[in-house]
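So the chains spell out like this:
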Amino acid sequence: MTITITAFERSPDGGRGLARDTRVRWALEEAGQPYEVRLVSFQAMKEPAHLALHPFGQIPTYEEGALALFETGAIVFHIATHHAGLLPEDANARARAVTWIFAALNTVEPPILELGTGKMLEGKKPWTKERLPLLEDRIRDRLKQLSARLVDAEWLDGGFSAGDLMMVSVLLRLKSSGLLDEYANLAAYVARGEARPAYQRAFAAQLAINKPRAG
Ligand code: GTB
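It should be emphasised that the depicted structure is a prediction, and the values quoted were computed from it without experimental measurement. (Residues numbered from 1 in each chain as written. Predicted model: local features only at pLDDT ≥ 70, side-chain atom pairs only at ≥ 80, totals over all residues. Heavy atoms only, no water.)

A. Structural context of the environment of A205. By the secondary structure assignment, A205 is in helix 9 (residues 197-210). For A205, a relative accessible area of 24% puts it in the partly exposed group. C-alpha of A205 to C-alpha of T22: the two residues are 183 residues apart in sequence and 8.7 Å apart in space. Filtering out sequence-adjacent residues up to four positions away, A205 remains in contact with R25 and Y35. (Helix = DSSP H or I, 4+ residues; strand = E, 2+ residues; numbered from the N terminus. Buried < 20%, exposed > 50% of the residue type's maximum accessible area, 1.4 Å probe, protein only. Contact = heavy atoms within 4.5 Å.)

B. Molecular detail of the site of the ligand. The environment of the ligand is formed by 14 residues, the closest being R20, K46, I59, E71 and T72. Within the side chain of R20, one N or O atom sits 2.8 Å away from an oxygen atom of the ligand. Between the ligand and I59, the relevant distance is 2.8 Å, taken from a nitrogen atom to a main-chain nitrogen or oxygen of the residue. Alone, the ligand offers 680 Å² of accessible surface; in the complex the protein occludes 80% of this. (Near = heavy atom within 4 Å. Polar contact = N/O pair within 3.5 Å; in protein donor to acceptor, adjacent residues only side chain to side chain. Areas by Shrake-Rupley, 256 points an atom, 1.4 Å probe, with all protein chains shown as cover.)

C. A look at unusual backbone geometry. I59 connects to P60 through a cis peptide bond whose omega is 0°. Tracing the sequence through the fold places P60 in the loop between helix 3 (48-51) and strand 3 (61-64). Even without glycine at this site, E71 takes up a positive phi of about 75°. Relative to the helices and strands, E71 is located in the loop between strand 4 (67-70) and helix 4 (72-82). With a phi close to 50°, V151 is a non-glycine residue in the positive phi region. With respect to the helices, strands and loops of the structure, V151 is situated in the loop between helix 6 (128-150) and helix 7 (162-172).

D. The arrangement of the domain arrangement of the chain in detail. Domain boundaries assigned for the chain yield domain 1 (3-85 + 198-210) and domain 2 (91-196). Of the residues lining the interface, 17 residues belong to domain 1; the matching set on domain 2 comes to 19 residues. Roughly 1500 Å² is buried in total at the junction of domain 1 and domain 2, and carbon and sulfur atoms are behind 61% of that figure. Looking only at domain 1, the three residues that lose the most surface to domain 2 are R23, W26 and Y199, adding up to 36% of its buried area. Summed over the shared surface of domain 1 and domain 2, the result is three salt bridges. With its nearest N and O atoms 2.7 Å apart, the salt bridge here joins R196 to E30. Across the contact surface, domain 1 and domain 2 share six residue pairs in polar contact (both at pLDDT 80 or more). Mapped onto the side of domain 1 that touches domain 2, the elements with two or more residues apiece are helix 1 (21-30), helix 4 and helix 9. (Domains from an automatic or database assignment. Buried area = accessible area lost by both parts, 1.4 Å probe. Salt bridge = Lys/Arg side-chain N within 4 Å of Asp/Glu carboxyl O.)

E. Local environment of the sheet that holds strand 4. Within the open sheet, the four strands sit side by side as 2-1-3-4. Their pairing is mixed. The strands lining the two open edges of the sheet, one partner per strand, are strand 2 (36-40) and strand 4. On average, each strand axis in the sheet is inclined to that of its neighbour by 20°, with strand direction left out of account. In the sheet, strand 1 (residues 3-8) pairs with strand 3 via three bridges, with the strands oriented antiparallel. (Pairing = 2+ DSSP bridges. Axes fitted to C-alpha atoms, helices over the stretch in contact; angles between N-to-C directions.)

Below, the structure is given as structure tokens:
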């Protein structure tokens, strides 16, 4: 059955791979599943046809036959449970890998998003100058804890899993902030994720759509 995902017609990040379709593309590449992409404009995202797929009018969505999903956690989990390569066979190891998906989305991503919002949408507010260091420290708390757990391991719990895919995807957002470089093992962990051929293919596919064009 054909898998179709949605992505920005033109991502505001100009192809840096930070929009959330990249993590879904990456999961599909790891699973060896071909997929099609339907590009949507900001306007189309808020229209009934897209809202029927995504109640919050966002990307990405995932369609496969009669199934339509939204939320990257649910989409990556679905891909990982239906195809080999993203979750271990052992039941307990599998449950732990799923835990890392939730940890990435519920514990690590929120302060990173707060910083993004603080910079992009509230950058001119009078309190921003005082607030940004607080937001950065909240991220540092999480990075310090994650760094202490990872130590010098290659991945979070044994072999590469959907938990690592999600954690690396979340941490990638920090690259330009310099915060990641304060934790050498986390910077190396993210680099290992980025070096995976499946990530490279996913990144290249979104870049082909989003790279700034001359003129
Ligand atoms: N919790 C949802 C999920 O995980 O699927 C969040 C989905 C989401 O935030 N989608 C964003 C969206 O559709 C795109 S990824 N936004 C449009 C809207 O809400 O109207 C977030 C994103 C956007 C842009 C950049 N960037 O340019 O750097 C990075 C990340």
